[in-house]
Amino acid sequence: MTSRDGFQWTPEDGLKQGVPSIGVISPPTNVASASQPWDVIVIGGGYSGLTATRDLCVAGLRVLLVEARDRIGGRSWSSNIGNYPFEMGGTWVHWGQPHVWREISRYNMRSEMEPSFDFSRGVNHFQLRTNDGTSIMSHEDEDTLLATALHKFVDVDGSLGRKVIPFAHDAFHVPEARQYDSMSAKDRLDAIALSLTPNERAALESFVLLCSCGTLETTSFFEFLHWWALCGYTYQGCMDSLISYKFKGGQSSFAIRFFSEAKQSGRLSYVFNSPVRSITDEGGKVTLTTRDGRQYIGARLVSTIPLNVLNSISFTPPLDPQRMAAANKGHVNQCVKVHAEISNKDMRSWTGISYPFNKLTYAIGDGTTPAGNTHIVCFGGFHNHMHPEEDVQETKKAVENMAPGNMDIKRLVFHNWSKDEFAKGAWFFSPPGLLSTSLDALRRRHGNIVFANSDWAAGWRSFIDGAIEEGTRAAMTVKEELQPSPAPRLRL
Ligand code: FAD
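Residues numbered from 1 in each chain as written. Predicted model: local features only at pLDDT ≥ 70, side-chain atom pairs only at ≥ 80, totals over all residues. Heavy atoms only, no water.

The chain carries the name Amine oxidase in an unreviewed UniProt entry, which gives Penicillium daleae as its organism. Note on the chain: under the UniProt heading Cofactor (unreviewed entry), the record states "FAD". The annotation that UniProt attaches to the chain under Catalytic activity (unreviewed entry) is "a secondary aliphatic amine + O2 + H2O = a primary amine + an aldehyde + H2O2". (UniProt positions renumbered as here; feature names shortened; annotations may be inferred.)

A. Representation of the packing of aromatic side chains in the model. A complete count under the given rule lists 25 aromatic pairs for this structure. Consider the rings of F172 and F222, whose centres lie 4.4 Å apart with planes at 10°: the pair is stacked. Residue F172 is located in the loop between α3 (139–154) and α4 (185–192), and its partner F222 is located in helix α6 (residues 221–230); the two are separated by 50 residues in the primary sequence. Relative accessible area serves as the criterion here: at 16%, F172 is assigned to the buried category. A relative accessible area of 0% places F222 in the buried class. Relative to Y270, the ring of F259 has its centre 5.2 Å away and its plane inclined at 65°; by these criteria the two rings are edge-to-face. Highlighted residues: F259 in helix α8 (residues 251–264) and Y270 in strand β11 (residues 268–271), separated in sequence by eleven residues. Residue classification places Y270 among the buried residues on the basis of a relative accessible area of 3%. (Phe/Tyr/Trp six-rings, centres within 6.5 Å; stacked < 30°, edge-to-face > 60°. Helix = DSSP H or I, 4+ residues; strand = E, 2+ residues; numbered from the N terminus. Buried < 20%, exposed > 50% of the residue type's maximum accessible area, 1.4 Å probe, protein only.)

B. Local environment of the pairing of strand β16 (residues 336–342). Counting buried residues along β16, seven of its seven residues qualify, which places the element largely inside the surrounding structure. The pairing of β16 with strand β19 (residues 374–380) spans seven bridges and is classified as antiparallel. Considered in β19, the bridge of I342 is made with T374. Alignment of β16 against strand β20 (residues 409–414), held across five bridges, turns out to be antiparallel. When the sheet's bridge partners are listed, V338 is paired in β20 with F414. (Pairing = 2+ DSSP bridges.)

C. Quick look at the packing of α4 against helix α5 (residues 198–212). The N-to-C vectors of α4 and α5 enclose an angle of 165°; their axes lie 12 Å apart at closest approach. Between α4 and α5, the crossing angle belongs to the class labelled roughly antiparallel. You can see that α4 and α5 cross each other, and the crossing is right-handed. Here A185, L189, D190 and I192 of α4 come into contact with α5, specifically with R201, L204, E205 and V208. For the contact of α4 with α5, a count of residues per class yields five nonpolar, no polar and three charged. (Axes fitted to C-alpha atoms, helices over the stretch in contact; angles between N-to-C directions. Parallel < 35°, antiparallel > 145°, perpendicular 65-115°, else oblique. Left-handed = near helix turned anticlockwise from the far one by under 90°. Contact = heavy atoms within 4.5 Å. Nonpolar A, V, L, I, M, F, W, Y, C, P; charged D, E, K, R; others polar.)

D. Geometry of the site of the ligand. Lining the immediate environment of the ligand, one finds 34 residues, of which S48, E67, R75, S76 and I464 sit closest. The side chain of S48 places a nitrogen or oxygen atom 2.7 Å from an oxygen atom of the ligand. Between the ligand and E67, the relevant distance is 2.6 Å, taken from an oxygen atom to a side-chain nitrogen or oxygen of the residue. Surface burial for the ligand is 98%, taken as the share of its 1,000 Å² of free accessible area covered by protein chains. (Near = heavy atom within 4 Å. Polar contact = N/O pair within 3.5 Å; in protein donor to acceptor, adjacent residues only side chain to side chain. Areas by Shrake-Rupley, 256 points an atom, 1.4 Å probe, with all protein chains shown as cover.)

E. Spatial organisation of the pattern of salt bridges. If you walk through the whole model with that rule in mind, you get 27 salt bridges. Across the pair D70 and R4 runs a salt bridge, and its minimum N-O distance is 3.8 Å. Residue D70 is located in the loop between β4 (63–66) and β5 (78–81), and its partner R4 is located in strand β1 (residues 2–10); the two are separated by 66 residues in the primary sequence. Residue D70 is classed as buried on the basis of its relative accessible area of 9%. Taking the relative accessible area as the measure of exposure, R4 reaches 46% and is therefore partly exposed. With a closest N to O distance of 2.4 Å, E481 and R445 form a salt bridge. (Salt bridge = Lys/Arg side-chain N within 4 Å of Asp/Glu carboxyl O.)

Pasting the structure below:
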């Protein structure tokens, strides 16, 4: 099936909107009439919503899943083009991510993982292009450059951040950590500027911007420290956790397991292509109204609507001012992720940074397509933003600028997350001040409405793991209320 989401460009066919994905659900609904009240309505079929839906169905509750798109997966989904999964959003997972790995074990998918990197052949080096010129170095030297620069960046406590954030899943455990949320990445760079070589500075800035996809001024230094702590306080940990291991069959091959298990329970109703307009909590019941006027009623509602689009829904009673202020401020990630299939087979082992002059900044060889071409994945962000479908020539040029002379483009594949009306951005990355003021408010319930999204997870916030953490939390909350356990519970 073909989703409305995503774009593909080839020299033969030009630009086409919509790409095939195994995450598309057809037929889009199994609900004949909206009259029955459900135990729980879940808004959103991303990993938060899929986890909550599955857990609640398995627990014996009747669930209605309402999704605006024609597919599951939300910000994590894969296209299947020529039998090859190009990842349109969330991609990489790691066994150090506890919630995601539990699900990989549950669905027996351990052997369905593969590494992105293959440093074994051809153009087997790192290329750093800056305003000062081009440096070619080995991948070992690439690691040393980035690790050295990152150590200078994070070492605010003489312990590479360990004293400031000793518990990554309780990041404000040490009260002093809050001060770093009022600092931007730019503030921290200015503080260490004299200690950085020009190459260290360029590589460090592009790595930080790869994480936030905002600008250096809009990137919370605290949130970067939080990522660093999650990754075990090492550059190697960052590479392993953030960009190394993916599903051979693509993210949608994982997401579909959650949906299928929920469906098999016989308690799942679903409506896709159904953007929600408003939610009314009348105490005894919650009524959801879609943009086309359909109404659905549940005893509880789990909203997994992302932060950057939360203010597009009307709530009665209204959301508290702190949550609304956070939603209006939003997160800063406007990642541009572009896949390029190129004819140069030798580029599989290449990595590169082109910064700050280029619209795409960081790229790696990510696979070999069935045609034997190299798959390169490239990232850009808000600091030098573009909408890839608006000017394909500009997009091609940005890819070519990553490694001039080596990018003979056969295909481009991408999704525009900035213009996506159900996300308005990519993975969560906090601006300065948002988390220390609003994280607790974002995690709070609102009457019979429970909020779950990776955007305000406690641990791997911004990641698939955080979405599953949040879906699990929401399902537990609702389950305990609607289906109190008959056995006495051990309270720890
Ligand atoms: P979402 O996936 O956003 O789900 C929310 C759902 O709500 C969506 O399906 C949306 O359509 C729906 N919705 C929104 N508005 C409405 C409405 N009005 N009515 C009905 N439904 C609505 N994470 C990783 O772990 N590893 C990675 O490598 C990685 N890379 C990423 C790369 C990109 C380009 C992007 C965009 C994200 C990446 N992430 C990555 C982050 C990860 O994808 C997200 O954190 C995670 O998927 C969020 O899941 P969620 O369910 O919390 O939210």
